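Letter by letter, the chains look like this.
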Amino acid sequence: TSMKQILLWVSFMEAMSLGALSNMNEFDRKPGNFGFDPLGLMPTDAEKAKNMELAELKNGRLAMVALGGMVHGAIVTGHGFPYLP
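In this report, we go over the structure that sits alongside the text.

About the thresholds
Residues numbered from 1 in each chain as written. Predicted model: local features only at pLDDT ≥ 70, side-chain atom pairs only at ≥ 80, totals over all residues. Heavy atoms only, no water. Helix = DSSP H or I, 4+ residues; strand = E, 2+ residues; numbered from the N terminus. Buried < 20%, exposed > 50% of the residue type's maximum accessible area, 1.4 Å probe, protein only. Areas by Shrake-Rupley, 256 points an atom, 1.4 Å probe, with all protein chains shown as cover. Phe/Tyr/Trp six-rings, centres within 6.5 Å; stacked < 30°, edge-to-face > 60°. Patch = residues over 30% accessible without salt bridge, like charges linked within 9 Å, V, L, I, M, F, W, Y side chains within 5 Å. Salt bridge = Lys/Arg side-chain N within 4 Å of Asp/Glu carboxyl O. Expected span 1.5 Å × (residues − 1).

This brings us to the overall build of the protein chain. Within the protein chain one finds 2 helices and 0 strands. Residues classed as buried in the protein chain amount to 4% of the 85 residues present. Counting only carbon and sulfur atoms, one obtains 67% of the accessible surface of the protein chain, whose full area is about 7800 Å².

Following this line, the structure appears as structure tokens:
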């Protein structure tokens with residue numbers, strides 16, 4: 001099913017990043033910065049880069065609030081959580 005595929009790919013991506021996380025103290029990089037920016041969206045200017053990091057942090061927080069709203073909406077209405085039986 002589709003949920004199994006999603007779980008498989010997310011697990012695969014997590015497993016691929018374990019090496020970088022376990023060696024993070026030996027590398028000179030910020031947490032979460034894996035150096036993957038093929039479109040060149042991260043600005044080189046320090047102030048603009050700081051604003052981009054803040055925007056990404058706010059985007060992640062908004063996504064967590066949205067997921068919480070989905071879960072609670074499913075609980076209140078009794079229709080079940082989307083994509084799960």
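Picking up after the structure, the text goes on.
What follows covers the packing of aromatic side chains. The description of an aromatic ring pair rests on the distance of the ring centres and on the angle between the ring planes. Taken as a whole and judged by the stated rule, the model has 1 aromatic pair. Between Trp 9 and Phe 12 the ring centres are 5.8 Å apart and the planes differ by 90°, which places this aromatic pair in the edge-to-face class. Placement of the pair is Trp 9 and Phe 12 together in helix H1 (residues 2–22), with a separation of 3 residues, close to one helical turn. Given the relative accessible area of 42%, Phe 12 is considered partly exposed.

With that settled, consider a nonpolar patch on the surface. A cluster of nonpolar side chains, Leu 8, Trp 9, Phe 12, Met 13 and Met 16, forms an exposed patch at the surface whose accessible area comes to about 610 Å². For Met 16, the location among the structural elements is in helix H1. Of the residues examined, Met 16 reaches a relative accessible area of 56% and is grouped as exposed.

Further remarks concern helix H2 (residues 46–77). With 32 residues, H2 should cover 46 Å at 1.5 Å per step; its first-to-last C-alpha distance of 46 Å lies within 8% of that length. Two residues or fewer after H2 comes Gly 78, characterised by a positive phi angle close to 80°.

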